[in-house]
Amino acid sequence: MVQPVAAYGSDVCPVRFTAPEPLPMANPASLGRVEITNADPATASALAAAIGPQATSVAAPSGTAQTVILTEGLTNQPPADRHWSALAQARAARAPGARIILLQSPDTVSGLPGLSRTLRKEWPDTNVTTLSLSATDAGTRAMHTLAALAASPTDRLLTADGQSRETHVSPTLAPPTSSAHATPALWLVTGGARGVTATCAIELARRTGGTFLLAGRSALSSWPEGIAPTQDLKALRAALAQQAVASGEKAKPADIDRTARAALAGQEIHATLTALAVAGAAAHYVQLDLSDTATLAPAIAAIQAQHGPITGLVHGAGVLADKLAMEKTEAEVRKVFGPKVDGLLALLSAINTAQLTHIGLFSSASALFGNTGQADYAMANECLNQLARQLHAQLPHAQVKSFNWGPWDGGMVDAGLAAHFAQQGISLIGQADGARIFADQLLSGDRDIVEILVGDAWSGA
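Nothing here was measured: the structure is a model prediction, and the numbers come from that model. (Residues numbered from 1 in each chain as written. Predicted model: local features only at pLDDT ≥ 70, side-chain atom pairs only at ≥ 80, totals over all residues. Heavy atoms only, no water.)

**Let's talk about the overall build of the protein**
Of regular secondary structure, the protein possesses 13 helices and 16 strands. Its C-alpha radius of gyration of 24 Å places the protein within 12% of the 23 Å reference for a compact globule of 461 residues. If one aligns the C-alpha atoms of the protein with their principal axes, the spans along those axes are about 75 × 65 × 45 Å. Of the contacts made within the protein by residues no fewer than 6 positions apart, 77% connect residues no fewer than 24 positions apart. Accessible area of the protein: about 18,900 Å², with a carbon and sulfur share of 54%. The averaged location of the 37 negative side-chain charges in the protein is 2 Å from the averaged location of its 31 positive side-chain charges. (Helix = DSSP H or I, 4+ residues; strand = E, 2+ residues; numbered from the N terminus. Rg over C-alpha atoms; globule rule 2.2 N^0.38 Å. Contact = heavy atoms within 4.5 Å. Areas by Shrake-Rupley, 256 points an atom, 1.4 Å probe, with all protein chains shown as cover. Lys, Arg positive; Asp, Glu negative; His and termini not counted. Charge placed at Lys NZ, Arg CZ, Asp CG, Glu CD.)

As C-alpha cells, this is what we get:
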C-alpha cells in the first residue's frame with residue numbers, strides 16, 4: 001500500500017510569468033513633462049524622439065518632472081554599480097505624484113523589480129515600476145516602453161515582439177510523490193555552516209550522502225580552554241572577562257566580544273560538521289569570503305584539485321544592511337551585493353557549470369513583494385531569481401531552483417522581526433519544514449518550476 005505524502009506546513013508556490021498579452025498604444029501627451037536619464041544614451045535618445053518636445057535627456061533627474069525614465073539598468077556596469085546608480089537616480093526623481101520607470105534587460109543580472117516593489121511600499125505617493133526590455137534595438141525599446149506606459153502601472157517583462165508578461169504566483173505545490181535518484185558527489189554550500197542554510201544542508205546530506213564543502217567567512221575557531229560550553233553570548237563574554245581578570249590580563253571589551261563571537265561561530269560550525277557526518281556525508285569547512293571575488297577562482301581550483309568536480313551548488317550566503325531607501329549608502333548596497341550577487345557570479349565563473357547537476361539559490365520573498373528598509377536586499381535577491389532563469393535555460397540537464405523564502409523561525413529573524421511579521425499576519429517557516437521543502441524541490445521537484453515562493457504572500461508587510 002502506498003503511503004500518502006504528508007503536506008507541507010508552509011505554502012510552496014511556483015512563480016511564473018503570465019502569458020504574453022498585447023499592449024495599447026501610448027499617448028505621450030498623458031505623460032506630462034518627461035525626463036530620461038542618459039546612462040544608456042541610445043535608448044534615451046530614441047525615447048526622447050518618440051515622446052516629442054516634452055521629453056528631455058538628463059544626467060540626473062531634477063525632481064520636478066511628472067514622468068521619469070531611468071536607463072541605468074540597461075548599462076553594462078557591474079551589478080552593484082548598476083543597482084546603486086538606479087537607486088540614487090530614483091531618489092533624485094522622487095516627487096509626490098511622479099511616475100518613475102526603471103528600465104532593465106532580462107539578459108543581464110538585474111534585480112530592479114525588487115527596488116520598484118520596495119519603493120512602492122516606502123513611497124506611497126510615488127508610482128515606481130520596472131520594465132524588462134527583451135528587445136536590444138534602441139528604437140524598438142523606445143516603442144515598447146511607450147506602449148507599456150499606456151497600460152496599468154505594474155512591473156512587466158516585455159517580449160521581443162512587444163507583448164507584456166507579469167510575474168504571477170501560482171497555486172500551491174504538493175510535495176513530490178517520488179524521490180529522484182541523482183546524487184551529486186560533491187556539494188559546495190555557501191553560508192552553509194550556520195543558520196537555516198546549515199539546516200537545509202543536513203537534510204540534503206541525509207538524502208544524498210556524498211561530500212559537503214561548507215564555505216563561510218568565519219574562521220573555524222576552537223572553544224576557549226577552561227570555559228564551559230554555552231550558546232549565550234552574554235554569558236560567554238562574562239566568563240571570558242572573569243578569566244582575563246583571574247589571569248591578570250587587561251582585555252578590552254571589544255576584544256572579549258570578538259573572541260566570544262568567534263567561539264560561538266566556531267562551535268556552530270563544528271556542530272554542523274558533526275551533524276553532516278551523522279547524516280552519512282563527508283564534511284569539510286572552507287573559509288571563503290565571497291565578497292573578495294579575486295580570491296575565489298584560485299580557491300575553487302584548489303578545492304576541485306583536492307576533492308574533484310563540484311556537482312551541486314547551494315548558495316545561501318547573505319547579509320543585511322536594513323535602512324530606508326532615502327537613507328541607504330553606496331557602501332551598504334555593496335555590502336549586500338558582495339556575497340549574494342558578486343560572490344555567486346565569481347563562483348559560477350570559476351566552476352564549469354556544465355558539471356553542475358543541482359543548483360539551489362536562497363532568494364527571499366522580499367524580491368517578489370518588496371520590503372520596507374530592504375531595497376538593496378530585495379534587488380540582490382531578485383538578481384538571484386533572474387540568474388536562476390538564465391541558468392535553467394543554459395543547463396537543460398540540471399535542476400535549478402531559486403527559493404523565495406519567507407521568514408524562518410530562526411536564522412536572521414530575531415524576536416523583534418518575528419513580532420513584526422506576526423503583526424502583518426505572516427507566519428514563520430519551521431526549520432524542519434523548510435529543510436524538507438528545500439530538499440524535496442531541489443532533488444525531486446518539477447524541473448520546469450525554477451522560482452518558488454515558500455511561505456505566505458506579503459501584502460502590507
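The structure having been displayed, the exposition proceeds.
**A closer look at the sheet that holds strand β13 (residues 312-315)**
With mixed pairing, nine strands are arranged side by side in an open sheet as β9-β1-β16-β15-β14-β13-β10-β11-β12. Strands at the two margins of the open sheet, each flanked by one partner only, are β9 (167-169) and β12 (282-287). Each neighbouring strand pair of the sheet contributes to a mean axis angle of 20 degrees, computed without reference to strand direction. Judged from the four bridges that link them, strand β15 (residues 399-405) and strand β16 (residues 451-454) form a sheet pairing that is parallel. Residue pairing in the sheet places Asn404 in a bridge with Leu453 of β16. Packing against the sheet, helix α5 (residues 195-208) makes contact with β10 (186-190), β11 (211-216), β13 and β14 (358-364), and its axis sits at approximately 170 degrees to β10. Sheet contacts for helix α7 (residues 253-278): β11 and β12; angle to β12, the most-contacted strand, approximately 155 degrees. (Pairing = 2+ DSSP bridges. Axes fitted to C-alpha atoms, helices over the stretch in contact; angles between N-to-C directions.)

**Remarks on the sheet that holds strand β2 (residues 34-37)**
Within the open sheet, the seven strands sit side by side as β3-β2-β4-β5-β6-β7-β8. Their pairing is mixed. Only two strands of the sheet have a single neighbouring strand rather than two, namely β3 (55-58) and β8 (164-165). Where strand β7 (residues 156-158) lies against β8, two bridges are found, and the strand directions are antiparallel. Residue pairing for β8: Leu158 is matched across the bridge by Ser164. Across the sheet, helix α1 (residues 41-51) touches β2, β3, β4 (67-73) and β5 (99-104), and the angle it forms with β2 is around 165 degrees.

**Description of the pairing of strand β1 (residues 12-17)**
Pairing of β1 with β16, which is carried by four bridges, proceeds in the antiparallel orientation. Each bridged residue has a counterpart across the sheet, and for Pro14 the counterpart in β16 is Ile452. As judged from the three bridges shared by β1 and β9, these two strands associate in the antiparallel manner. If you follow Phe17 over to β9, its bridge partner there is Thr167.

**Side note on α1**
Within α1, the full set of buried residues consists of Thr43, Ala44, Ala46, Leu47, Ala48 and Ile51. Following α1 by one or two positions, Gly52 has its phi on the positive side, about 110 degrees. (Buried < 20%, exposed > 50% of the residue type's maximum accessible area, 1.4 Å probe, protein only.)

**Digging into the nonpolar core**
The biggest cluster of nonpolar side chains holds 58 residues, and the ones touching the most others in it are Leu115, Leu188, Ile310 and Phe337. If one sorts the elements of this core by residue count, helix α11 (residues 375-394) sits on top with nine residues. Every residue in contact with Ile310, bar those within four places of it in the chain, is listed here: Leu186, Leu188, Ile300, Ile303, Gln304, Ile351, Gln355 and Leu356. Judged by nonpolar contacts, the second largest core, of 31 residues, contains Trp187, Cys200, Ala281 and Leu443. (Core = buried A, V, L, I, M, F, W, Y, C linked by side-chain atoms within 4.5 Å.)

**A closer look at the packing of aromatic side chains**
Taken as a whole, this structure holds seven aromatic pairs when the rule is applied. Here Trp405 and Trp408 contribute two aromatic rings whose centre-to-centre distance is 4.9 Å and whose plane-to-plane angle is 65 degrees, an arrangement assigned as edge-to-face. The exposure class of Trp405 is buried, given its relative accessible area of 5%. You can call Trp408 buried: its relative accessible area is 5%. Ring plane angle 35 degrees and centroid distance 6.4 Å describe the contact between Trp405 and Phe438, whose orientation is recorded as tilted. Of this pair, Trp405 sits in strand β15 while Phe438 sits in helix α13 (residues 431-444); the two residues are 33 residues apart in sequence, bridging distant segments of the chain. For the pair Trp405 and Phe438, one class covers both residues: buried. Members of the aromatic cluster, joined through ring pairs, are Phe362, Phe403, Trp405, Trp408 and Phe438. (Phe/Tyr/Trp six-rings, centres within 6.5 Å; stacked < 30°, edge-to-face > 60°.)

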